[in-house]
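This is what each chain is made of:
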Amino acid sequence: MSDAMLDDRTALIDLLARWDRWLDESRFTADETAAIFTPDAEAVTPGGVSRGIGALTAQAARGRSNWAETQHLHTNPIVEIDGDRATIDLNRLVFTVAHDPARAPEAVPAPALTLGERARIEAARTAEGWRITRLGGTLVWASDPEVLAAAAARGRAAAAQAG
């Protein structure tokens, strides 16, 4: 593998880590979103389909508001680069912590819901570096399907209200 290919692969893996941090740290501003996605990017998630920086930002904020904390991890990325385009197939683990106003600040919470997903990310090289153009995935398992269904219903209701 050439140095340029290794540099691209490193940049794409870094892009995945920045996407995870964007979600986990609720960095939902237009600037933060544009540092990860192209202006016309599309996300197909349990929260729905969104296109463009504004819609991606709003959808992520709605989904994240269901949880006090989240931790998104990606594993086993398979990176395929073709010029200025790339695809990344990976496994994702998502851990969520429920809002609990009664929890003491020093208490370490347990996850309310854990998910396993197979994801496909498409990316493009831009003047600012690699950016996600499309993302989607297939849910493989959920630790508590009822909690997942309730969170998805809250997300759909919030999207309809914002709509």
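Just above, that's the structure.
For clarity, every value in this text was computed on a predicted model and none was experimentally measured. As a convention, each chain's residues are numbered from 1 in the sequence order in which they are written. Given that the model is predicted, a residue must reach a pLDDT of at least 70 before its local features are reported, and side-chain atom pairs must reach 80 or more before they are shown or counted; all residues, however, enter totals for whole chains, interfaces and linings. The basis for every side-chain value is the complete set of non-hydrogen atoms in the structure, without hydrogens or water.

## Brief notes about the packing of helix α1 (residues 3–24) against helix α3 (residues 53–64)
Closest axis-to-axis distance for the α1/α3 pair is 9 Å, and the angle between their directions is 55°. Here α3 runs oblique to α1, going by the angle between their axes. Contact with α1, carried on its side by Trp 22, Leu 23 and Asp 24, involves Leu 56, Thr 57, Ala 60 and Arg 64 of α3 and no other residues of that element. In the scheme used here, Gly and all other residues not listed as nonpolar or charged are polar, with Ala, Val, Leu, Ile, Met, Phe, Trp, Tyr, Cys and Pro taken as nonpolar and Asp, Glu, Lys and Arg as charged. A class-by-class count of the residues in the contact of α1 with α3 yields four nonpolar, one polar and two charged. Throughout, an axis means a line fitted to C-alpha atoms (over the contacting stretch in the case of helices), and angles, computed between N-to-C directions, take values from 0 to 180 degrees. What counts as a helix is a DSSP run of H or I of at least four residues, what counts as a strand is a run of E of at least two, and both are numbered from the N terminus. Orientation is classified from the angle alone, with under 35 degrees giving roughly parallel, over 145 giving roughly antiparallel, 65 to 115 giving roughly perpendicular, and any other angle giving oblique. Contact between two residues is taken to exist if any of their heavy atoms lie within 4.5 Å; hydrogens are not considered.

## Here's the deal with the packing of aromatic side chains
Ring pairs are drawn from Phe, Tyr and Trp, using the six-membered ring of Trp, whenever the two centres fall within 6.5 Å, and their geometry is named by plane angle: stacked under 30 degrees, edge-to-face over 60, tilted for the rest. A full pass over the atoms with the stated rule returns two aromatic pairs. With 5.1 Å between their ring centres and 90° between their planes, Trp 22 and Phe 28 make a pair best called edge-to-face. Like Trp 22, the residue Phe 28 is buried in the burial classification. Geometrically, the ring pair formed by Trp 22 and Phe 37 is edge-to-face, given 5.3 Å between the ring centres and 65° between the ring planes. Here Trp 22, found in helix α1, pairs with Phe 37, found in strand β1 (residues 37–45); they are 15 residues apart in sequence, far enough to count as distant. Per residue, the accessibility class of Trp 22 equals that of Phe 37, and both read buried. A connected cluster of aromatic rings, assembled from ring pairs, spans Trp 22, Phe 28 and Phe 37. In this arrangement the basic side chain of Arg 92 is found over the ring face of Trp 19, its NZ or CZ atom lying 3.8 Å from the centre. Note on exposure labels: buried denotes an accessible area under 20% of the residue type's maximum, exposed denotes more than 50%, and partly exposed covers the range between, all computed with a 1.4 Å probe on protein chains only. Consider the ring centre and the ring normal. A charge sits over the ring if Lys NZ or Arg CZ is within 6 Å of that centre and within 35 degrees of that normal.

## Thoughts on the sheet that holds strand β3 (residues 69–82)
If you trace the six strands from one edge of the open sheet to the other, you get β2-β1-β6-β5-β4-β3, paired in mixed fashion. This sheet does not close on itself; its edge strands, each paired only once, are β2 (48–51) and β3. With strand direction ignored, the average angle separating the axes of adjacent strands in the sheet is 15°. Pairing analysis gives four bridges linking β1 to β2, with the strands arranged antiparallel. Across the sheet, residue Thr 45 finds its bridge partner in β2, namely Gly 48. Strands β1, β3, β4 (85–97), β5 (113–126) and β6 (129–142) of the sheet are contacted by α1, whose axis makes an angle of about 160° with β3. Its contacts with the sheet place α3 against β1, β2 and β3, and it is angled at close to 40° to β1. A pair of strands is considered paired only if DSSP assigns at least 2 bridges between the two.

## What about the side chain of Asp 8?
For Asp 8, the position within the fold is in helix α1. In this structure, Asp 8 is in contact with Ile 81, Arg 125 and Trp 130, ignoring residues within four places of it in sequence.

Geometry only, nothing functional implied.
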